[in-house]
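# What the coordinates show
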Amino acid sequence: MNAQVNAMQHWVSAVIVKYNFCPFARKEVEENRIHYCVSESTTHDDAVMDMLEQCAQLTSDPDRETTLLMFPDGFALFDDFVDLIDLANTMLRIQNYEGVFQIATFHPDYVFADSDDNDPANYTNRAPFPTLHLIREASMSQALSTYDDPESIPENNIKLAHRKGKAFWQQLLTSCHNPQ
């Protein structure tokens, strides 16, 4: 198995599912409906083309619920990744995927707007590689409609991140590159 895919699968299981950062992820992991795609793209244009290809594949494969599109060789600087996010969202609109898919984003150095770099809450969106997570909007709406108090999810994640602390999350993220 590809080392990058292995690292991301470990991160999804050891962080996202185990600590319930996304209460909807466990089902998709258990049903093997997450597609992990490693892109060799290092430019914004190529990365967006890869994203659009993954959108087309999601459209044609109803058994694939979601895709994690990873860029292990590109966008190491978080500011470059933010530019990619902006372009990716623009292209979703232009290609008529707005309302069909939404993008969640992860990066090894993720920092929320108006947040300090050292805030443990940033680890709720820190992953082994810069990643665009393509989510079916209809599925997300359905999941949220059956979840009590979905607005509490980010708040609960932030509380947990602060309770565990930066060192805990950093060690966990580092371990994803060398899963046992």
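Above this text is the structure in question.
Below, the structure is looked at part by part. Here the residue index of a chain counts from 1 through its sequence in written order. Two thresholds apply to this predicted model, a pLDDT of at least 70 for residue-level local features and 80 or more for giving and counting side-chain atom pairs, whereas whole-chain, interface and lining totals are computed over all residues. Heavy atoms throughout the structure, all of them, feed into the side-chain values; hydrogens and water do not.

One non-glycine residue, Asn20, lies in the positive phi region at around 55°. Numbered from the N terminus, helices here are DSSP runs of H or I no shorter than four residues, and strands are runs of E no shorter than two. Residue position: Asn20 is located in the loop between helix H1 (3-17) and helix H2 (25-30).

It is worth spelling out the side chain of Ser41 at this point. Relative to the helices and strands, Ser41 is located in the loop between strand S1 (34-38) and helix H3 (44-60). For the purposes of these results, a polar contact is taken to be a pair of N or O atoms within 3.5 Å, where, inside protein, one atom must be able to donate a hydrogen and its partner to accept one; residues adjacent in sequence count only when each atom of the pair is a side-chain atom. Here Asp46 takes part through its backbone oxygen, which lies 3.4 Å from a polar atom of the side chain of Ser41. One polar contact links Ser41 to Asp50, side chain to side chain, over a distance of 2.6 Å. The contact rule is simple, with two residues in contact once any of their heavy atoms fall within 4.5 Å. Each residue touching Ser41, except ones within four places of it in the same chain, is listed here: Asp46, Ala47, Asp50, Phe71, Gly74 and Phe75.

Below, the discussion takes up the nonpolar core. Here the nonpolar core consists of buried residues drawn from Ala, Val, Leu, Ile, Met, Phe, Trp, Tyr and Cys, with membership extended through side-chain atoms lying within 4.5 Å. Each residue's exposure class comes from its accessible area (1.4 Å probe, protein chains only) as a fraction of the maximum for that residue type: buried when under 20%, exposed when over 50%, partly exposed otherwise. In this structure, Met8, Trp11, Val12, Val15, Tyr36 and Trp169 are the most contacted members of the largest nonpolar core, which totals 26 residues. If you list the elements that add at least two residues to this core, you get H1, S1, strand S2 (66-70), helix H6 (152-164) and helix H7 (166-175). Not counting the four nearest positions on each side in its chain, Tyr36 is found in contact with Val5, Met8, Gln9, Val12, Leu68 and Met70.

A word on the sheet that holds strand S3 (residues 101-106). Ordered by their spatial adjacency, four strands build an open sheet running S1-S2-S4-S3, and the pairing between neighbours is mixed. Edge positions in the sheet fall to S1 and S3, since each has one partner strand and no second. Across the sheet, the axes of successive neighbouring strands diverge by a mean angle of 20°, strand direction being ignored. Across the face of the sheet, helix H4 (residues 78-94) comes into contact with S3 and strand S4 (131-136) while running at roughly 175° to S3. In this analysis, axes come from line fits to C-alpha atoms, helices being fitted only over the stretch in contact, and the angle between any two N-to-C directions falls in the range 0 to 180 degrees. Packing of helix H5 (residues 137-145) onto the sheet brings it into contact with S3 and S4, and relative to S4 it is tilted by some 70°. For two strands to pair, DSSP has to find at least two bridges joining them.

In short, geometric facts, not functional conclusions.
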